Amino acid sequence: MAHPHQQKLRINGPVVITANRLADGVVIHRTGEGRWSESLDDAQVVRAADEALAALKAAQADGLIAVGPYVAPVEAAASARPGNLREKIRSDGPTFPLPSDAPAAYLPKEAGKVAA
Amino acid sequence: MYVYDEFDRTFIAERAEQFRDQVARRLSGELTEDEFKPLRLMNGVYLQLHAYMLRVAIPYGTLSSTQLRKIAEVGRVYDKGYGHFTTRQNIQFNWIKLSDMPDVLESLAEAGLHAIQTSGNCIRNITTDQWAGVAPDEIEDPRFWAEVLRQWSSLHPEFTFLPRKFKIAIAATPHDRAAIKVHDIGLRLVRNDAGEVGFEVLVGGGLGRSPFLGKFLRDFVPREHLISYLEAILRTYNAHGRRDNIYKARIKILVHEIGVEKLKADVEKEWERIRDGYLKLDDAFLADIRSRFVYPEYEPLEDAPEELKRALAADARFATWHANSVARHREPGYGIVTVSLKPIGKPPGDATSGQLDALADLADTYSAGEIRVGHEQNLALPHVRQKDLYALWRKLDAAGLATPNVNLISDMITCPGLDYCSLANARSIPIATAIAERFADLDKARSVGRLHVNISGCINACGHHHVGHIGILGVEKNDREFYQITLGGKADEDARFGDLLGPAIPYDEVTDTIERIVNRYLDLRQSESELFIDTVKRLGVEPFKEALHAVH
Ligand code: HEM
Ligand code: SF4
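All of the points below concern the structure found in this document. (Residues numbered from 1 in each chain as written. Chains lettered and ligands numbered in written order. Predicted model: local features only at pLDDT ≥ 70, side-chain atom pairs only at ≥ 80, totals over all residues. Heavy atoms only, no water.)

This brings us to the overall build of chain A. In terms of helices and strands, chain A carries 2 helices and 5 strands. Ordered by position in the sequence, the α and β elements of chain A form the string β-β-β-α-β-β-α. Classification of the 116 residues of chain A by burial places 44% in the buried group. For chain A, the share of sequence-separated contacts (at least 6 apart) that also reach a separation of at least 24 residues comes to 58%. Carbon and sulfur atoms provide 52% of the accessible area of chain A, an area that totals close to 6,000 Å². (Helix = DSSP H or I, 4+ residues; strand = E, 2+ residues; numbered from the N terminus. Buried < 20%, exposed > 50% of the residue type's maximum accessible area, 1.4 Å probe, protein only. Contact = heavy atoms within 4.5 Å. Areas by Shrake-Rupley, 256 points an atom, 1.4 Å probe, with all protein chains shown as cover.)

Here it is, written out as structure tokens:
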């Protein structure tokens, strides 16, 4: 997954402008109205490099809401889907259940099973 | 335990207040991100993929039960109910809001905890053996010297903006549990022919993109000169380290480029100038620090008490855990208990707030209120009476903290990888959990014996893959996750880097490949006592290469 800072503005497919929200770090995406949304569905999907660059520049000027905006690939069907694993993890969270104190959640699978 | 003085307590609280102001100025727009980023990094705050991350220091890996409860509380109140212990005696919280960060730091400060110098180009948290002060064969407690260095390096005005981060580790036993050879400076407590205690000094070790083992700089620095000697090293590095290129900025590259002899000449020259000045440690200062390390009052006990013998004979699961997780203590009748944070199928190094609270209670009852954190991402209870081991085990077991897999294949060092980290190429944690599940039958894992698998999600090597017996490194090919495998690495006194087995393999093939490597070892080993690492040492990686290719 290319680190965003290594990305040149050469796009080959639909993209969105994405960032983290300043106050809490939550993943946000830029909308067509120049606002930010937690939902990728609301994101403005762009297909041309100059359009993406203009949107990125505008996003960069928005430093009070968004930190580290960059151009991320999406799969655009009826609504946008994350375009690679990195973006999928940003949108859906880690790919395993998070540790939890819910009863039995952390019982070792081998409990009661070990023989000497 | 070390008891902080008023100066430290005030300092930590003031620092939290200062950060509150900085966060407020950022949120109001007075500070731009470019201005704010170095300030947040100085307070251990990173931005990861989905949220901010806070890295809290656990100086020399020692925590009181009160501090552990505080960590549990922060996890519960401000995070998602868990934290992640790292390889450098830190704990990381993954989901804290920036706007909550000042409250978190203030709350941590109440327990003497802080995030100062856990990030940025400064001298980082000084690490040491998690068995410090209780290992039977140690020269003296290395935490004492880690504390001397902590006081010297905290906010050291000259060394706050080094060319790059700077990591120091100290070992005090012949067997190195602190990985000192892969630190910028590695210190080993030694005794010279006259019986005096001092330090052997290694310099220029490190992992990452260009791994190097530390080189010998001096075989004996008298202890009163520890600070002046390190000051001379840091000053030389600060003057000559490469600030022009972030990939060449660590001291390891300086050592590599100018050679250790040249570095040594420069260091010695500077040291000569300053060694007998104000940095020379006087006895009163050392005595003061020593007096603030409080040890439990050990009872006069004997090894292998009846209660223990009976329990070992009666309960096979307990006996298995005991053989795996309890180590010899300096004091007769006591043991050091390693608490595995590698339950099968769970993210390595993670612990929930509930588990941490349970552990704090157990530490109060059974371990003089003290908990240790080691670089293998496990915890330890350092002062347990052998006669209490059975009772302790039953409670650890109930809390999911008694997986008897310490040093076995499922006891992996694993970085957060692409599930959290914005620098990652590939995931680490699901690779680790899949391997652990493949070897969930701990009888099988035990028959394999000691085997360290270390996993990093990118070349930065936070998961120490270079020094794993089996190292797994995530790389990216055409936007897909691939992994390079190395064999034969070691992190201890005989440290070496693993050798590449062959081309990188895709995500789906990693677990099968690791299993084939282990099976190949079982075929190749000369006897059951030949460890994996020794078979690789004897035969090299060549006979393992067939494991890369599935036999269909
Ligand atoms: C947001 C999370 C993290 C970031 C951004 C990060 C960043 C980095 C970078 C850039 C390096 C390479 C430094 C260099 O070569 O100069 C590095 C090395 C390292 N990090 Fe991390 N890291 C993170 C998490 C962790 C974690 C979770 C651990 C412990 C499990 C860790 C422990 C280490 C260690 C031991 C090294 C290699 C030792 C060395 O400095 O040579 N880091 N990290
Ligand atoms: S090794 Fe790479 S992926 Fe893993 S935590 Fe370090 S920087 Fe992130």
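Another aspect to go through is the coordination of the iron atom of ligand 1. Inspection of the coordination sphere of the iron atom of ligand 1 shows a single protein donor, B:C462 (SG), at 2.2 Å. Here B:C462 shows up in the loop between β17 (453–456) and β18 (470–477). (Donors = N, O, S within 2.8 Å, 3.2 Å for Na, K, Ca; no water.)

Below, the discussion takes up the site of ligand 2. Taken together, B:C415, B:P416, B:G417, B:C421, B:L423, B:A424, B:S456, B:G457, B:C458, B:N460, B:A461 and B:C462 make up the full set of residues adjacent to ligand 2. When grouped by side-chain class, the residues that make up the shell around ligand 2 number 8 nonpolar, 4 polar and no charged. (Near = heavy atom within 4 Å. Nonpolar A, V, L, I, M, F, W, Y, C, P; charged D, E, K, R; others polar.)

For the rest of this paragraph, the subject is the interface of chain A and chain B. Counting residues at the interface gives 39 residues for chain A and 55 residues for chain B. Surface buried jointly by chain A and chain B totals about 3,700 Å² across both partners, of which 59% is contributed by carbon and sulfur atoms. The tally of links between chain A and chain B comes to 0 salt bridges. At the boundary of chain A with chain B, the tally comes to 11 residue pairs in polar contact (both at pLDDT 80 or more). The element that contributes the greatest number of residues to the side of chain A that touches chain B is helix α2 (residues 85–92) of chain A, accounting for 4 residues. Of the residues that constitute the side of chain A that touches chain B, the class distribution is 22 nonpolar, 9 polar and 8 charged. (Buried area = accessible area lost by both parts, 1.4 Å probe. Salt bridge = Lys/Arg side-chain N within 4 Å of Asp/Glu carboxyl O. Polar contact = N/O pair within 3.5 Å; in protein donor to acceptor, adjacent residues only side chain to side chain.)

This part is about the packing of aromatic side chains. Residue and element names in this part refer to chain B. Taken as a whole, this structure holds 17 aromatic pairs over all chains when the rule is applied. With a centroid separation of 6.2 Å and an interplanar angle of 50 degrees, the aromatic rings of Y483 and Y507 are classed as tilted. Placement of the pair is Y483 in strand β19 (residues 480–487) and Y507 in the loop between β21 (505–506) and α16 (510–524), with a sequence separation of 24 residues. When its relative accessible area of 0% is taken as the criterion, Y483 is described as buried. (Phe/Tyr/Trp six-rings, centres within 6.5 Å; stacked < 30°, edge-to-face > 60°.)

Attention shifts here to helix α1 (residues 6–27) of chain B. All names here are of chain B. With 22 residues, α1 should reach 32 Å at 1.5 Å per residue; the first-to-last C-alpha distance of 32 Å fits that figure. Taken together, the buried positions of α1 are occupied by D8, F11, I12, R15, A16, F19, Q22, V23 and R26. One face of α1 carries all of its buried residues, which in axial projection span an arc of 135 degrees. Facing away from the buried side of α1, by more than 90 degrees, are the exposed residues E6, F7 and E14. (Expected span 1.5 Å × (residues − 1). Arc of directions from axis to C-beta.)

Residue and element names in this part refer to chain B. The sheet built from 5 strands is open, its strands ordered β3-β14-β15-β12-β11 with antiparallel pairing. The sheet is open, and its two edges are formed by β3 (62–64) and β11 (326–328), each paired on a single side. Averaged over neighbouring strand pairs, the angle between their axes works out to 35 degrees when direction is ignored. Relative to strand β15 (residues 379–385), strand β14 (residues 370–373) runs antiparallel, the two sharing 2 bridges. In the sheet register, R372 faces β15, and the bridge partner there is A380. (Pairing = 2+ DSSP bridges. Axes fitted to C-alpha atoms, helices over the stretch in contact; angles between N-to-C directions.)

What follows deals with the nonpolar core. Residue and element names in this part refer to chain B. Counting 57 residues, the largest nonpolar core has L54, F85, W321, V337, L379, L381 and L396 as the members making the most contacts within it. It is helix α12 (residues 353–366) that provides the largest number of residues to this core, a total of 6 residues. In terms of domain composition, this core takes at least three residues from each of domain 1 (6–110) and domain 3 (306–398). Filtering out sequence-adjacent residues up to four positions away, L381 remains in contact with G335, I336, V337, V339, L359, A363, S367, E370, I371 and L392. Residues F144, L162, F199 and V203 belong to the second largest nonpolar core, which totals 45 residues. (Core = buried A, V, L, I, M, F, W, Y, C linked by side-chain atoms within 4.5 Å. Domains from an automatic or database assignment.)

So, about the sheet that holds strand β5 (residues 90–96) of chain B. Residue and element names in this part refer to chain B. Pairing is antiparallel across the open sheet formed by 5 strands, whose spatial order is β1-β2-β5-β4-β13. Bordering the open sheet on either side are β1 (45–47) and β13 (350–352), each of which pairs with just one other strand. The mean inter-strand angle of the sheet, taken between neighbouring strand axes irrespective of direction, is 30 degrees. As paired strands, strand β2 (residues 52–57) and β5 are joined by 5 bridges and run antiparallel to one another. Along β5, the bridge assignment pairs L54 with F93.

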